Amino acid sequence: MQNSKTDTSSTASSSRRRWLGWTLASVAAGAAGVAGWRQFGPRQAPVPQAVAGVPERWLTHAFAQPGQAGTRTLESFQGKPLLINLWATWCPPCIDEMPLLDAFYQQNAAKGWQTVGIAVDKPEAVERFLQRTPVQFPVLLAGNRLGMELAGDLGNTARGLPFSLLLDAQGKTLAAHTGQLDLPRLLKWHQRAFS
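Definitions and limits used
Residues numbered from 1 in each chain as written. Predicted model: local features only at pLDDT ≥ 70, side-chain atom pairs only at ≥ 80, totals over all residues. Heavy atoms only, no water. Helix = DSSP H or I, 4+ residues; strand = E, 2+ residues; numbered from the N terminus. Buried < 20%, exposed > 50% of the residue type's maximum accessible area, 1.4 Å probe, protein only. Contact = heavy atoms within 4.5 Å. Areas by Shrake-Rupley, 256 points an atom, 1.4 Å probe, with all protein chains shown as cover. 1 Å grid on protein atoms, 1.4 Å probe; cavity = no way out; pocket = protein on both sides within 12 Å on 5 of 7 lines; lining within 4 Å. Points joined across faces, edges and corners; volume = space filled by probe spheres on them. Polar contact = N/O pair within 3.5 Å; in protein donor to acceptor, adjacent residues only side chain to side chain. Axes fitted to C-alpha atoms, helices over the stretch in contact; angles between N-to-C directions. Left-handed = near helix turned anticlockwise from the far one by under 90°. Nonpolar A, V, L, I, M, F, W, Y, C, P; charged D, E, K, R; others polar. Expected span 1.5 Å × (residues − 1). Bend = angle between axes of the 7 residues up to and from the residue.

Peer 1: What am I meant to see in the overall build of the protein here?
Peer 2: Helix and strand counts for the protein stand at six helices and seven strands. Along the protein, helices (α) and strands (β) appear in the sequence α-α-β-β-β-α-β-α-β-α-β-β-α when read from the amino end. Within the protein, the fraction of its 195 residues that count as buried is 39%. Considering only contacts within the protein whose residues lie at least 6 apart along the sequence, 66% involve residues at least 24 apart. Of the roughly 11,400 Å² of accessible surface on the protein, 55% is carried by carbon and sulfur atoms.

Here's what the structure looks like:
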């Protein structure tokens, strides 16, 4: 009879030790994570490398336009400040920022602000997306391989999306950002482009 009681108490004690061990390990892992966050800060999008402007090969590249005949070059946008936004339909932050980019473009186009979206995606997917969510600014098609090559040449070495590059009227780079744009950043960029 005593053996059975000892076995039960031994099993309960063993369970408590395991539970205590897991709890302590979890607390230690959490503390290490907090210490790492404090030391290195929250994870940030990679900072794009500075590029002087759009390389010549991309200025003259003939990009297709979704749902339209003919092509368009980035060179055709020269002479006014230009926001180039690389995006894709499979990229949630790209989709989230699209209404803001379109509204900002519509409010500032008459003042000389230009926006062009370059889709790093399949033409069919872009056409379907634009039918559901039309935008007023021009959209060009780069495809996956060419789009990632363009992103790298524009300073986005991590090739993350969305990626935005602001050029002045002469085509020189004023700012670059990997990640979703917000209104405060757009307002700063607008001020910078026209100062």
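Still to come is the rest of the account.
Peer 1: Explain unusual backbone geometry to me, please; I cannot follow it from the model alone.
Peer 2: Negative phi is the rule for most residues except glycine; trans is the rule for most peptide bonds. The step from Leu 161 to Pro 162 runs through a cis peptide bond, and the omega angle for that step is -5°. Here Pro 162 lies in the loop between helix H5 (144-153) and strand E6 (163-167). At Arg 159, a position not held by glycine, the phi torsion is positive, near 55°. Within the element layout of this structure, Arg 159 appears in the loop between H5 and E6. Using a relative accessible area of 38% as the deciding quantity, one classes Arg 159 as partly exposed.

Peer 1: Teacher, can you tell me more about the environment of Phe 163 here?
Peer 2: Along the chain, Phe 163 falls in strand E6. Taking C-alpha positions, Phe 163 is 9.8 Å from Ile 118, a pair spaced 45 residues apart along the chain. Beyond its immediate stretch of four places on either side in the chain, Phe 163 contacts Pro 48, Ile 84, Asn 85, Leu 86, Leu 154, Asn 156, Ala 176, His 177 and Thr 178.

Peer 1: Before we go on, may I ask you to explain the layout of surface pockets in this structure?
Peer 2: Over the atoms rolls a probe the size of a water molecule, and its path tells where empty space is left. The computed volume of the largest pocket comes to approximately 190 Å³. Lining the largest pocket we find Pro 66, Gly 67, Gln 68, Glu 127, Leu 130, Gln 131, Pro 134, Val 135, Gln 136, Phe 137, Pro 138 and Val 139. The leading source of residues in the lining of the largest pocket is helix H4 (residues 123-132), at three residues.

Peer 1: Please clarify how the side chain of His 177 should be interpreted in this entry.
Peer 2: Within the secondary structure, His 177 is located in strand E7 (residues 173-178). Within the structure, His 177 has its side chain in polar contact with the backbone oxygen of Gln 180 (distance 3.5 Å). Non-local contacts of His 177, meaning those with residues more than four positions away in its chain, are made with Pro 48, Pro 162, Phe 163, Ser 164, Arg 185 and Trp 189.

Peer 1: Is there a simple way to think about the packing of helix H3 (residues 92-108) against helix H6 (residues 183-194) in this case?
Peer 2: To describe two helices that pack against each other, one gives the angle between their axes and the distance between the axes. Where H3 meets H6, the axes come as close as 11 Å, and the angle between the chain directions of the two elements is 35°. Of the two elements, H3 crosses H6, and the hand of that crossing is right-handed. Residues Leu 100, Leu 101, Phe 104 and Asn 108 of H3 lie in contact with H6, whose contacting residues are Leu 183, Leu 186, Leu 187 and His 190. Considering only residue class, the contact of H3 with H6 consists of six nonpolar, two polar and no charged.

Peer 1: Explanation requested: H3 in the structure shown.
Peer 2: Residues separated by three or four positions in an α-helix point in the same direction, a consequence of the helix having 3.6 residues per turn. The end-to-end C-alpha separation of H3 is 25 Å, in line with the 24 Å expected for 17 residues at 1.5 Å each. Residue Met 98 marks the point of greatest curvature in H3, where the axis turns by about 35°; the proline Pro 99 follows within four residues. All of the buried residues along H3 are Cys 94, Glu 97, Met 98, Leu 101, Asp 102, Phe 104, Tyr 105 and Asn 108.

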